[in-house]
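Coordinate analysis (summary)
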Amino acid sequence: MEINQQRLRSDIESNAEFGAVPTEEGRGRTVLTGSEADRRAREFLCERLRDAGLTISIDEVGNIVGRWTSESADPDAAPVATGSHLDSVPEGGIFDGPLGVYAGLESVRTMQDAGIEPARPIEVVCFTEEEGQRFDGGLIGSAVAAGDMSLDEALAIEDADGVPLGDALADIGYRGEGRVDAGAWDAWIELHIEQSERLVTENAAAGVVTSIVGLSRCQIEITGEADHAGSTLMGDRADALTAASEFVLAVETVTTERCDASETAVATVGKLDVSPNAPNVIPGTVSLTLDVRDVEYDSIDHIIAEARERLGAIEDERPVRTSIERPWDRSPIEMSARCRDALHAAGENADLATLDMHSGAGHDTMHVASVTDAALLFAPSRDGISHNPLEWTDWDDCADATRVLAGALAELAEA
């Protein structure tokens, strides 16, 4: 099977025009769920799916499914599915999400061109609101498809202006009917850009993910006392921000120490809300998030336990009060051996090097893997840059990774 690289490139570049933003370097786009750019991106995808002879269904949360049932396939057999998402972060790149969607479509077209006769239907899927930029949380469409979130719960999620997701989808004509059931798929594979540099460093065409890291997110509150920045002596201060700064450095230390036992352990304090956030006022309260990830769940527990201990020590040493909650927690997920074997075999058959690796990000596959055999395939990323107009995967690399994807889909569909 030979991928039509120009056809794949044309689809991705056409999609890049929806929500395109001016940039000095690279190519950027902003496609928020329920926006005009989202509507146009969805319409273009549906046109391309129809052009390839796929039938289209749209569920109530806006997930789009294009289904190819060849004459050789049993229409009642559990399908093999592939895809990703079309939404983006503000001023994101053109490959994150769309590569997976259009590589799935190109895989089907390649099988059609080669006269492949699968025994199962193949579905190309576009999930709603993966990035979580307008409707908080992210991975909403795949969470609903996997049964991790109810339709009612998803449709009621509001944006910053109080607009529910259900209304936003209806406004652009993409609130459909029913619910995509990922558990009804025989297998699932998502192709995504790596967003790191290992594949480039190892000169590999594609990365076959062995496991997706577990993730815990904690909410920390540190409360001191707001006071005048000029008239309050240093010894009389209850500065919540200096206490928070000590905690952030403590997180870095305990996580770095944990890397001796598990090199994939990472922890990030990525969001701080400081109040009253004025230049002449000592900060009275700080709210911050702690994001901890690893392929070993024990490491996540260890880092959070150490973080709790450090908070207690800060409270003992400084005139502040602290609290920590752990509202979001997900265990590491192993990818299906059957799907991974199919990807490696497809790479070998195409004379393309594949590499086993873990994923530090969940992607939609994180949810799908909880209900069916699933795999995540990475394509190389230049300089590891993502969520940025400089995000780039060479067109040859897009085609090579798609060739691996197509071969694995054909095998899983019992071609």
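In the block above lies the structure referred to throughout.
Rules used in this analysis
- Residues numbered from 1 in each chain as written.
- Predicted model: local features only at pLDDT ≥ 70, side-chain atom pairs only at ≥ 80, totals over all residues.
- Heavy atoms only, no water.
- Helix = DSSP H or I, 4+ residues; strand = E, 2+ residues; numbered from the N terminus.
- Phe/Tyr/Trp six-rings, centres within 6.5 Å; stacked < 30°, edge-to-face > 60°.
- Buried < 20%, exposed > 50% of the residue type's maximum accessible area, 1.4 Å probe, protein only.
- Pairing = 2+ DSSP bridges.
- Right-handed = clockwise from strand over helix to strand, strands pointing away.
- Expected span 1.5 Å × (residues − 1).
- Arc of directions from axis to C-beta.
- Contact = heavy atoms within 4.5 Å.
- Salt bridge = Lys/Arg side-chain N within 4 Å of Asp/Glu carboxyl O.
- Lys, Arg positive; Asp, Glu negative; His and termini not counted.

The peptide bond linking Ser275 to Pro276 adopts the cis configuration, its omega dihedral lying at 5°. Here Pro276 lies in the loop between strand E12 (272-275) and strand E13 (281-282). In this structure, Asn277 is a non-glycine residue whose phi angle is positive, near 60°. The topology assignment puts Asn277 in the loop between E12 and E13. In the Ramachandran plot, Asp351 falls in the positive-phi region, its phi being about 60° despite a non-glycine side chain.

So, on to the packing of aromatic side chains. Summed over the entire model, instances satisfying the criterion amount to eight aromatic pairs. Arranged with centres 5.5 Å apart and planes meeting at 50°, the rings of Phe127 and Trp188 form a pair that is tilted. With Phe127 in strand E6 (residues 122-127) and Trp188 in strand E7 (residues 187-193), the pair connects residues that are 61 residues apart, well separated along the chain. You can call Trp188 buried: its relative accessible area is 0%. For the ring pair Trp392 and Trp395, a centre distance of 5.6 Å and an interplane angle of 85° mean the geometry is edge-to-face. Linked through ring pairs, Phe18, Phe44 and Tyr102 together constitute an aromatic cluster.

Here the focus is the pairing of strand E5 (residues 80-85). With six of six residues buried, E5 is to be regarded as a mostly interior element. Residues of E5 alternate between two faces, with Val80, Thr82 and Ser84 on one and Ala81, Gly83 and His85 on the opposite face, all of them buried. Relative to E6, E5 runs parallel, the two being bridged by six bridges. By the bridge assignment, Val80 is partnered in E6 with Ile122. On the question of chirality, the crossover connecting E5 to the parallel E6 by way of helix H3 (residues 98-114) is right-handed. By the bridge criterion, three bridges tie E5 to E7 in an arrangement that is parallel. Within E7, the residue paired with Val80 across the bridge is Ala187.

Here we take up helix H9 (residues 297-317). Its 21 residues give H9 an end-to-end C-alpha distance of 31 Å, which sits within 8% of 30 Å, the value for a rise of 1.5 Å per residue. Of the residues making up H9, those classed as buried are Ser299, Ile300, Ile303, Ile304, Ala307, Leu311 and Ile314. Buried residues of H9, seen end-on, are gathered within an arc of 130° and therefore sit on one face of the element. Seen from the open side of H9, the exposed residues pointing more than 90 degrees away from its buried face are Asp298, Glu309 and Asp316.

This part covers the environment of Leu343. Summarising the element assignment, Leu343 is placed in helix H10 (residues 337-349). Expressed as a C-alpha distance, the spacing of Leu343 and Ala206, which sit 137 residues apart in the sequence, is 9.2 Å. Each residue touching Leu343, except ones within four places of it in the same chain, is listed here: Ile189, Val208, Thr354, Ala375, Leu377, Val404, Leu405 and Ala408.

A full pass over the atoms with the stated rule returns 29 salt bridges. One salt-bridge network, in which partners are shared between bridges, spans Arg7, Asp11, Arg48, Asp51, Glu106, Arg109 and Asp113.

By the element assignment, Glu194 lies in the loop between E7 and helix H7 (198-202). Put simply, Glu194 is tucked away with no salt bridge, and the nearest opposite charge, on Arg198, sits 6.5 Å away. What Glu194 contacts, discounting residues up to four positions off in sequence, is Leu199, Met357, Phe378, Ala379 and Ser381.

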